[in-house]
Structures are given as structure tokens and as C-alpha cells.
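Residue-level structural notes
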Amino acid sequence: MIEARGLSKRFQDKKRGEIRAVENVSFTCQPGKIYGLLGANGAGKTTTLRLLATILEPTDGTAVVCGHDVVEEPEKVRANVGFLSTATALYPRLTAEELVEYFGRLNGLDEPTLKKRVDDIFNRLDMNGFRDRRCDKLSTGMKQKTSIARTLVHDPPVMIFDEPTTGLDVMTARTIITFISDCRDRGKAIIFSTHIMSEVDRLCDRVGIIHDGTLLADGTVPELRTKYAEHNLEEIIVKVVGPLLKNSEA
Amino acid sequence: MNFRNVGIVYRKELTEWLRDRRTLISTVLVPLLAFPILMVGMTSLMTVMIGKAEKETAKVMIIHGEDSPRVVEKLGQVKDLEIVPYTDDWKKRISEKEIRAAVDVPKGFDSALAQGRALTVKIYFYQGEIKSSFGANHVEKFFDDYRDSVVSSRLSARNLPSDIIKPFEVKQENVAPPEKVSGAALGGLLGYMVILLSMTGAIYPAIDLTAGEKERGTMETILSSPLSRVDLVLGKFLLVLSASLSTAILAIISMGTSFYLAGNSGAMTQKDAAVFQLHIGFPAILSVFLMALPLAVLFASVLLTIALFAKSYKEAQSYLTPLTFIVVIPAVASLLPGFDLNPKLALVPILSTSLVCKEIVAGTFHWNYILLILLSSSVYAAAGLFIAVKMFQRESVLFRS
């Protein structure tokens, strides 16, 4: 389970002064559920996900992932999380297999378990054809599959995806979406940020709309549709964020 | 700290490093080939140039000398010289390498010699031009021999023994053992090379493992694993240190082999070849590496820290290249004659190590200085590593944009 409790992150910028990237964000995601984090570019989605994955440390507030506090036990949190984003690239000079094995070892797997797990994932994701190929020689789709294998190798109960389908072709994006859905079916708690509303419709059990670092709306998709009297998710976002945009323009 | 994780990171970095053509060229190929190419190139060029210059019959012009046919005739008989007719532009012709030298035989030289009056013979040549020097040397040797024969005939005319003008001989004898001689001559270079190469060998891996990772987008990938940042930086640091030391070791092996081959190739005279005979024992080389080890640790951690601060490969390169000069200056200073160790200098990083290495190679072991330098450079190295670990924990550095 994931529970964000008043998460805040502020950065210092020489020119712009203090930047409030995330401000007092709280939400919960249960095992076997997908929580969609929606918002414009720069709204604070990536920072929130980085805070949950303990890549960044919160300025205020905290989050608990699988019973571990992100501030107190960041390494234990990471051992329970599979994190995939557009910024998590692959080591170009390692083969797909070496890369997945590397992360398996870092996650404390012993060699027999690691071998079994790697074989299983490579079979499941149909990756045996490029097992020994260096990552810099892989196609975008192969790279994405290798990244997925990397996040799955230690079988974490929590998955965090930051815009995982951005820039991918239809077929590769489809593989990712199927994979995320598969993770839910296996009982994992999933947090997922995206710009693509069809993915939200298809995958998310619960949605949070974030703007300027603040979580403005949080609920199941039907709840939000009822609350804002709109069926279209894009329109709901406009209704939630729109007044703030007008205020800031005024 | 988890040793298993440090080992995993190190093994992975080593695999990637060995597959990177760019770093392999700079840390393995260049140090391995630089010396043989330099030495073979230099010695063969030297041999060819000197051999050619020595074989040449030097064209020499005689200034004046019309009233001294005896000396002019004798000069004309020297087999390495070709006397060319006098022209007023002799200076220009030396400069333009048409003739190698000119000799000014003073007016009335023959008659002055007969009367026992001393005159000065001037030889004009072009300094720095090897063929001109050889020509001038031939002329000078002729006049030296001629003077000796004149002295001998004057002495015998007066029935005096030849040692009357040379009552005793003076001769210098070397008592220093061979390792001390080579230590003073070329041995100083060993410490300097080890220091400089352990720095240059670390530059590319340090950039590749930090700014390179940022640029390739793999930094966030590794930060999302349960690996602690201390283990991450230590694994990376060990790889940079390995690269640094292997560069230095390869270069020293290459340097030793090149010097050995150059000294034994037979292309040089025995005197010249002796310069290349390094009598440095294995214990001395090992001691130099031991002294340079804390310095290599310092270089690896400082380079990692600075390169991590950079956002890209290029930015890191522009930060690290000037650092080479900071290392070169004290290392070169230690090679200057008369620059000796004292308690204050023993605390100056790089300079102290270079100075003590020079002494070790020359066979002198000042244990108090060795311990002081080992201690001080270990403290600097530990501080450097501590800063590197701290930098890897700073979000503002890791995610600098």
C-alpha cells in the first residue's frame, strides 16, 4: 500500500527563489489498484513520484510505502518499489540480460533465484530474441521491455510509472498498458502519471488531479464524473484547473 | 556500507568500462604505446640525423689567411673539411646553410707563430644547427692538434720534456652506485610519471561514471534501486581508482621496456645509451606506487566530485582539463635541481609525493618524511572521498539542471 501524508517539496532556485514543486499532497493507493496522477507539464507529478520512490527527499510531510517511511527507511522503500519513467534509461554497454541481472543482484536476490526470475520474465515478455544484445543496439520497444523487466526482477509489491508511454509507438504503448494492467491483476499497488486520457479511462481505479504542486481533486473516476457533472476526463481537468488558470492570468 | 553491493557496482562498472572504446584508448592504449612510439621515433630520428651530419664533409670558408699559406695548406688537408673560396657574404652563407662555418686566421698568423706571439683564431658557426656545430668542431680540433704539435716542437727544440707544461693530471671518478646515478638523471621522472598518469587515467572514467550517466539518463535508474548512495559512490570510486592505477602501471611497464630497448638497441654510442640504462629495482618501483596510492585515491575522489557536479560530458571535460595543470606544476617543480624535502613541503600534496619518489628511486629512504607524507596524503585522500560521498547525497548536485 502507498500512503502520501502531506508530501511537500521545495527547491531553491538562484533566479526564481523558492519553488514549491509539491505542496501538502495526500492520497492513498491500495494493493491491486491503480492510482492515476493527472496534470499539465510542470504540475508536480514527476516530483511526487520521485518522492514516493525516494529518489528525492520531501521537505515536509512523508509517505509510507509497504509499511516503510520514505524519510526513515528509503532503502527499504526502494526494495519494495519498481520505478519506471522516461528518465530511467538503460546502461548502453550492458546486454539486456546483464542489466536485469544487475538490478536483481542490487535487490538482494541470490544467484539461483535471480536466474529463475530472469528466465521467467524474459519468457513472459518475449525477450529471449535480444537477451544477449547490448542495450544501445535495442529498438525503442525492446528497450521499454528491458526497462519493464528491470522494474519487475525483484517482484516489488508497488509499481510507480511516470508517463511510461510518452513517445512510444502504438504497439509498444499497448505492451506497457497491458503490463500495467497485468501488475494490478497480480495485486500490486500502482501509481501512474499520464497525459493520455484513454489510458486513465482504461486503467485507473482512482485519480488525483494536481496543479502547481497541489492536489486539487482526488476520487474514483465515477466519483469525479458525478462531482463535476462531466463524463469526459479532459473536461473534468479543465473544470478543476481552469479557475486557477484564470486567477493566475488575471 | 554493504561490501556485496559495492562489489556488484564495481563489477558492473568494470564491464562497462572494458567495453568503452573511448576510455580504453585513453587509459590503456595511449599509455602503452606513447613511450615506445616516442622512444623509437626519437632515437631513430636522432641516429639518422647525427649519422648524416657526422658523415658530411663540411664546407668551410677561410677569412684572411692570405699571408699564412702554411696553416691554410694544412687546413685544406683535413679530410672532413672542404675549403671554399672566400666571399664577403660568408655570414649570410652560414645562415643559409650553404657553408657550415668560417674560420678567421689572423693577419700574419704563420709569422707570429714562428716568432712565438700568440694570436686568436676565431671560428664562426650557427649555434643550434647541428651540421654547423660539427663543421666548427672539425676546425677547432684541427687547430687544437696544430697547437699541440707546435708546443711539442718548441719543447723538443729546447730539449724540455713534454710534461713540463702538464705537471699533473686531473680526473673525476664516480663513486655513486648506478641506481643513484640513474635516480638523479631519469629516476625523478618515475614519480612524476606515476602521479601524472594516475591523474590523467582517472579523468575519462570519472566523467563517464558521473556526468556521462546524467547525460545518458541512467542516474535516475540506479537511484531508484535499493542501493545506498554510499555503496554507489564507493563502487564507482573503486573503478576510477583501478583505471587510474592501471594507466600508471601500464605506462611504467611501457616506459621501462622502451628505455631498455633504446639503451640496448646498439643505435647509440655507449655514452648516450648509458643515459637510458635505468637501474631502478622492483622494490623502488613498488615503493613509488605505494607512495602514489593515497594521491591516486585523492585524484579519483576529487575528479568524481567535480565531474558529478557537471550536467554533461562536455561540461565535465571543461572543468577537469585545467586540473591537469594543477597537478603538473608541483610535479614539475619537484624535478627542479635543489628542490629538496623539508617538513613544510612534506605537507604539500603532489609536490611532497613527487619529491619523496625522486629520493626513493635514487635509493634514499628518509623514513620520517615517508611516514609524514603517507599520513598527510592519506588524510587528504580520506577528505576527498568523504566529500565525494557527501556530493552523491546532494539532490541539488545529482539533479542539477
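Residues numbered from 1 in each chain as written. Chains lettered and ligands numbered in written order. Predicted model: local features only at pLDDT ≥ 70, side-chain atom pairs only at ≥ 80, totals over all residues.

Some points on the interface of chain B and chain A
- Taken residue by residue, the interface counts 19 residues in chain B and 22 residues in chain A.
- Within the residue set of the side of chain B that touches chain A, elements represented by two or more residues are helix 1 (3–18) and helix 9 (219–223) of chain B.
- Per element, the largest residue contribution to the side of chain B that touches chain A is five residues, and it comes from helix 1 of chain B. (Contact = placed C-beta atoms within 7 Å. Helix = DSSP H or I, 4+ residues; strand = E, 2+ residues; numbered from the N terminus.)

Topic: unusual backbone geometry
Residue and element names in this part refer to chain A.
- Phi angles above zero are rare outside glycine, and Glu163 is one such case at about 45 degrees.
- Tracing the chain through its elements places Glu163 in the loop between strand 7 (158–162) and helix 6 (170–185).
- You can call Glu163 buried: it has 21 C-beta atoms within 10 Å. (Buried ≥ 20, exposed ≤ 12 C-beta atoms within 10 Å, placed from the backbone.)

Quick look at the packing of helix 12 (residues 282–309) of chain B against helix 15 (residues 367–391) of chain B
All names here are of chain B.
- Running from N to C, helix 12 and helix 15 point in directions that differ by 20 degrees, and their axes come no closer than 8 Å. Our classification of the angle between helix 12 and helix 15 gives roughly parallel. Read as a crossing pair, helix 12 and helix 15 show a hand that is left-handed. Residues Met291, Pro294, Leu295, Val297, Leu298, Ser301, Val302, Leu304, Thr305 and Leu308 of helix 12 touch helix 15, and the partners they reach there are Ile373, Leu374, Ser377, Ser378, Tyr380, Ala381, Gly384, Leu385, Ile387, Ala388 and Met391. (Axes fitted to C-alpha atoms, helices over the stretch in contact; angles between N-to-C directions. Parallel < 35°, antiparallel > 145°, perpendicular 65-115°, else oblique. Left-handed = near helix turned anticlockwise from the far one by under 90°.)

Description of the domain arrangement of chain B
- In terms of domain boundaries, chain B breaks down into domain 1 (3–35 + 178–398) and domain 2 (56–162).
- For domain 1 of chain B and domain 2 of chain B, the distance between their C-alpha centres works out to 56 Å. (Domains from an automatic or database assignment.)

Section: the environment of Leu215(A)
Residue and element names in this part refer to chain A.
- In this structure, Leu215 sits in strand 10 (residues 214–220).
- Through-space distance from the C-alpha of Leu215 to that of Val100 is 35 Å; in sequence the pair is 115 residues apart.
- Once you skip the residues sitting within four places of it in the chain, Leu215 turns out to touch Val25, Phe27, Gly208 and Ile210.

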